[in-house]
Amino acid sequence: MDILKVVNVSKTYGSGEAKVEALKRVSFSLEKGAFAAVVGESGSGKSTLLHCIGALDHPTSGQIFMDGQELFSMKEQERTLFRRRNIGFIFQSFQLIPELNVEQNLIFPLLLDDKQPNPAEVEVMLDILGLSERRHHLPSQLSGGQQQRVAIGRALMTKPKIILADEPTGNLDSKNSRQVIELLTQACRTYQQTILMITHNPSLVSGVDRVFEVRDGVLSELGGSRA
């Protein structure tokens, strides 16, 4: 079953001589439980695509369906609520709340949605992340790799329909980058979690199910185990 369907999505900035076509009639779909990656150089349009899929930006034309629901036919408030409940984000800059410890950062999205976290699920997540002994540490007391693991756990805690990872290894060294990719792969296989990751580093996508490339706003599929 397709959890994500992107249909003829275009995104244009500016007009006249300043017009920039960031995305040009992009179409693809993802099955539930797939781990897909989008590669491309800086400025190619891959981040714009991720932001449109995450309803952080509005496409100029085209449609984006998530679990059968078209994101941009919703009213703004409805779309904001849908995004919070169904889309998990992992950013290059981690974006943890500095005043909250590891455990508090993990459960914050649940509390934001007036949900009570399940203590057993929190324990399992801390164990998976390898952060059980650091549950009371603040982000400033963690390494970059540990902070990114918290960010991944935070995205997983709400059990979203899809996780969008924006250059999740961009601020990490090669060892921590591999660990982050392994953790994302584990999440995909263990929880049937759908993941769409963008990266400028082709060496990180060898084990994913599908690989796409964005070049000058045009998307093409390169391969992968489910291609």
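Now for a look at the structure at hand. (Residues numbered from 1 in each chain as written. Predicted model: local features only at pLDDT ≥ 70, side-chain atom pairs only at ≥ 80, totals over all residues. Heavy atoms only, no water.)

**Focus: the overall build of the chain**
Along its length, the chain carries 6 helices and 10 strands. Taken against the 2.2 N^0.38 rule, which gives 17 Å for 227 residues, the C-alpha radius of gyration of the chain at 17 Å falls within 12% of a compact globule. If you sum the accessible surface of the chain, you get close to 11100 Å²; carbon and sulfur atoms cover 47% of it. For the chain, the distance from the average position of its 25 positive side-chain charges to the average position of its 26 negative side-chain charges is 2 Å. (Helix = DSSP H or I, 4+ residues; strand = E, 2+ residues; numbered from the N terminus. Rg over C-alpha atoms; globule rule 2.2 N^0.38 Å. Areas by Shrake-Rupley, 256 points an atom, 1.4 Å probe, with all protein chains shown as cover. Lys, Arg positive; Asp, Glu negative; His and termini not counted. Charge placed at Lys NZ, Arg CZ, Asp CG, Glu CD.)

**A closer look at the sheet that holds strand β7 (residues 162–166)**
With mixed pairing, 6 strands are arranged side by side in an open sheet as β6-β7-β8-β3-β9-β10. A strand with exactly one partner marks an edge of an open sheet, and here the two such strands are β6 (87–91) and β10 (218–223). Going across the sheet, the axis of each strand differs from the next one's by a mean of 20°, ignoring polarity. Looking at chain direction, β6 and β7 are connected through 5 bridges and run parallel. Paired with Phe89 across the two strands is Leu164, which belongs to β7. Docked against the sheet, helix α2 (residues 76–86) engages β6 and β7, running at close to 70° with respect to β6. (Pairing = 2+ DSSP bridges. Axes fitted to C-alpha atoms, helices over the stretch in contact; angles between N-to-C directions. Contact = heavy atoms within 4.5 Å.)

**Some thoughts on the sheet that holds strand β2 (residues 20–31)**
Spatially, the 4 strands line up as an open sheet ordered β2-β1-β4-β5, and their pairing is antiparallel. Every interior strand has two partners, whereas the edge strands, β2 and β5 (69–70), have only one. One ladder, built from 2 bridges, connects strand β4 (residues 61–66) with β5; its direction is antiparallel. Counted as the bridge partner of Phe65 is Glu70 from β5. Running over the sheet, helix α1 (residues 46–53) touches β1 (2–13), β2 and β4 and is turned about 60° from β2.

**Some thoughts on helix α3 (residues 102–112)**
Buried residues of α3: Val102, Asn105, Leu106, Ile107, Pro109 and Leu110, and no others. For α3, the elements touching its buried residues are α4 (119–129) and α5 (144–157). For α3, the N-terminal cap is Asn101; the gap from its side-chain oxygen to the backbone nitrogen of Glu103 is 3.2 Å. Backbone geometry just downstream of α3 places Asp114 in the positive-phi region, at approximately 60°. (Buried < 20%, exposed > 50% of the residue type's maximum accessible area, 1.4 Å probe, protein only. Polar contact = N/O pair within 3.5 Å; in protein donor to acceptor, adjacent residues only side chain to side chain.)

**A closer look at the packing of aromatic side chains**
Any aromatic ring pair is given by two values, namely how distant the centres are and how the planes are angled relative to each other. Applying the stated rule across the entire model yields 2 aromatic pairs. Seen from their ring centres, Phe28 and Phe212 are 5.0 Å apart, and the 50° between their planes marks the pair as tilted. In this pair, Phe28 is assigned in strand β2 and Phe212 in strand β9 (residues 210–215), connecting sequence segments 184 residues apart. This pair shows no difference in class: Phe28 is buried, exactly as Phe212 is. Considering the side-chain rings of Phe89 and Phe91, the 5.7 Å spacing of their centres and the 5° angle between planes classify their relative orientation as stacked. Each member of the pair, Phe89 as well as Phe91, is classed as buried. (Phe/Tyr/Trp six-rings, centres within 6.5 Å; stacked < 30°, edge-to-face > 60°.)

**Looking at the side chain of Thr48**
One can find Thr48 in helix α1. The contact partners of Thr48, leaving out residues within four places of it in the chain, are Lys11, Tyr13, Ala22 and Leu23.

**Examining the pattern of salt bridges**
A full pass over the atoms with the stated rule returns 13 salt bridges. A salt bridge links Glu123 to Arg135; the nearest nitrogen and oxygen atoms lie 2.8 Å apart. Pair noted here: Glu123 is in helix α4 and Arg135 is in the loop between α4 and α5, with a separation of 12 residues, a long-range link. For Arg135, a relative accessible area of 17% puts it in the buried group. Between Asp209 and Arg189 there is a salt bridge; the shortest N-O distance is 3.1 Å. In this pair, Asp209 is assigned in the loop between β8 (195–199) and β9 and Arg189 in helix α6 (residues 174–191), connecting sequence segments 20 residues apart. Its relative accessible area of 39% is what places Arg189 among the partly exposed residues. Each member of the salt-bridge network shares a partner with another, and the members are Arg84, Arg85, Asp113 and Lys115. (Salt bridge = Lys/Arg side-chain N within 4 Å of Asp/Glu carboxyl O.)

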